[in-house]
Amino acid sequence: MITETILELVDYALATGLIGEEDTVFTINQLLDLFQLDEIEDETIAAWKARKRMSREEAQEKLEQILASLCDYAYENGITTENSVVYRDLFDTKIMSRLMPRPSEVIRKFYDLYKNESSLAATDYYYKLSCDSDYLRRYRIRRDMKWVTETPYGALDITVNLSKPEKDPKAIAAAKLAKQSGYPKCLLCRENEGYAGRVNHPARGNHRIIPLTINNSDWFFQYSPYVYYNEHCIVFNSQHTPMRIERATFGKLLDFVEQFPHYFVGSNADLPIVGGSILSHDHFQGGHYEFAMAKAPIEKELSFEGFSDVKAGIVKWPMSVIRIRCADKNRLIELADKILTAWRGYTDEDAFIYAKTGDEPHNTITPIARRRGEDYELDLVLRNNITTEEHPLGVYHPHAKLHHIKKENIGLIEVMGLAVLPARLKEELGALAGAIVNGIDLRADEMLEKHADWVDEFLPKYDAVTEENVMEILKKEVGIVFSEVLEDAGVYKCTAEGRRAFERFIASVL
């Protein structure tokens, strides 16, 4: 019965703390209204009250099925008119929105914890709420393929992203025909909070955001719905203003980690190809996680004139990273700004580094901030987005031979050592494993032929490839490909010649 399923959802809300006992009647009535029901039987309520309540763990395990049953009922009874994942996501978010506290309640609780306990307690509360509200769909995130590959640069994280649902053709067609709206302006704008969504814009009825002041400007804090790593958060400007890497950026990043010292935070670059997927809205990404790049050691110590109090060095990493560290964050801002200014205008034809071609700028930086005890630390990753006929997607971008695994831009997350690979690889790696073990001609298979040269290259390294070890071999080799992707994206290569060119730039910093 639909009413029994509704009461299961109320059980979930009680078990996770989304509502209190005092809220049960109100919540039941809200859900009855959503499902166009006028009443619930006394016997049903009595049986529910007599039943043992769910534990938090049971509730988490049951949520996906509860919401699926409610979406099925809504479609079968004409409450919703379509039944594909896009429309079901819109409706189940509407369901969960009936369980949510008001934004002011969330903000008050967050800052009470921040002031009276710690920044960690505040983010723990907010992250739990974001999970329990189903804004972060834990059951989908668990489906992502994840593993670690050891490389000369450290242990790289590899993930095949399966938590972002694929749109079905009908929804894609409907999105094309839908009226184009400027509200919200983008996926990051604060107007997403509580928004019901539409076929071409996700629902955010169960979404809450936290206001922040960083570097004397108004920003907001939320979690990413796709959770590529632990507590993957987004910090975004209160204004819909384009990405810009500038002196103030370093101040904002360092101010954030001063307020939340258990988190790192970084910014995508502000130019196409080397930037993120959203360049139209200034934002950062952070989280409670330590990436391989953060663990990477200093390969060569550096000194900058006038900054003897700042520790500096080139990081042992496939991309070109200058790490600076100091207890005084203002000194880091000063030096980072000098490095950025120098890099923006730097050309070295022998190293194929061009600041501009015509009026188009090419040089920028991907900055990452973190705390190291009482010190502040900045990693400044040098980026360049120049293209050529040989490399039309970018010279410092994954080259064509690696596109069978990774063709997309190398943004902040990949820069730090986490590969976010396309969902297609789950099916392709499974098919590849079977084809390799059974000796099937990869070039005769339309889906697998793009991997044939790669398999021919790595297979001779292994004495025996069996049904038991083939997938582990493939995962290891995918990780090696990702390390090569990062090498392609590095403006200065990890060679003697590359390091000499890197040091020429360092010498140019005034």
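Keep in mind it's a predicted model, so treat the numbers as computed, not measured.

**Q** Requested: an account of the overall build of the chain, with residues and values cited.
**A** Regarding its fold elements, the chain presents 17 helices and 15 strands. Here the chain has a C-alpha radius of gyration of 25 Å; the compact-globule value for 510 residues is 24 Å, and the two agree. Here the chain holds 510 residues, and the buried ones make up 55% of them. Counting only contacts in the chain whose residues sit at least 6 apart along the sequence, the fraction spanning at least 24 positions is 65%. Positive and negative charge centroids in the chain, built from 62 and 81 side chains respectively, lie 3 Å apart.

**Q** An account of the packing of aromatic side chains is requested, with residue identities and associated values reported.
**A** Applying the stated criterion to the full structure yields 33 aromatic pairs. Among the aromatic residues, those joined into a cluster by ring pairs are Phe 110, Tyr 111, Tyr 114, Tyr 126, Tyr 127, Phe 221, Tyr 223, Phe 256, Phe 260 and Tyr 263. Directly above the aromatic system of Trp 48 lies the positively charged group of Arg 53, at a separation of 4.2 Å from the ring centroid. For the cation-ring pair, Arg 371 lies above Tyr 376, with the distance from its terminal atom to the ring centre recorded as 4.1 Å.

**Q** Explain the state of the cysteines residue by residue, including any values.
**A** Under the counting rule described, the total for this entry stands at zero disulfides. For Cys 233, which is in no disulfide, the shortest distance to another cysteine sulfur is to Cys 131 and amounts to 13 Å. Since its relative accessible area comes to 0%, Cys 233 is described here as buried.

**Q** For the sheet that holds strand 1 (residues 145-151), give the residues involved together with the corresponding values.
**A** Ordered in space as 1-2-15, the three strands form an open sheet in which the pairing is mixed. The sheet is open, and its two edges are formed by strand 1 and strand 15 (418-421), each paired on a single side. Taken over all neighbouring pairs, the strand axes of this sheet differ in orientation by 20 degrees on average, direction set aside. Sheet topology note: the strand 2 (residues 154-160)/strand 15 ladder contains four bridges and is parallel. Within strand 15, the residue paired with Asp 157 across the bridge is Leu 418.

Thresholds applied
- Residues numbered from 1 in each chain as written.
- Predicted model: local features only at pLDDT ≥ 70, side-chain atom pairs only at ≥ 80, totals over all residues.
- Heavy atoms only, no water.
- Helix = DSSP H or I, 4+ residues; strand = E, 2+ residues; numbered from the N terminus.
- Rg over C-alpha atoms; globule rule 2.2 N^0.38 Å.
- Buried < 20%, exposed > 50% of the residue type's maximum accessible area, 1.4 Å probe, protein only.
- Contact = heavy atoms within 4.5 Å.
- Lys, Arg positive; Asp, Glu negative; His and termini not counted.
- Charge placed at Lys NZ, Arg CZ, Asp CG, Glu CD.
- Phe/Tyr/Trp six-rings, centres within 6.5 Å; stacked < 30°, edge-to-face > 60°.
- Lys NZ or Arg CZ within 6 Å of the ring centre and 35° of its normal.
- Disulfide = S-S within 2.5 Å.
- Pairing = 2+ DSSP bridges.
- Axes fitted to C-alpha atoms, helices over the stretch in contact; angles between N-to-C directions.

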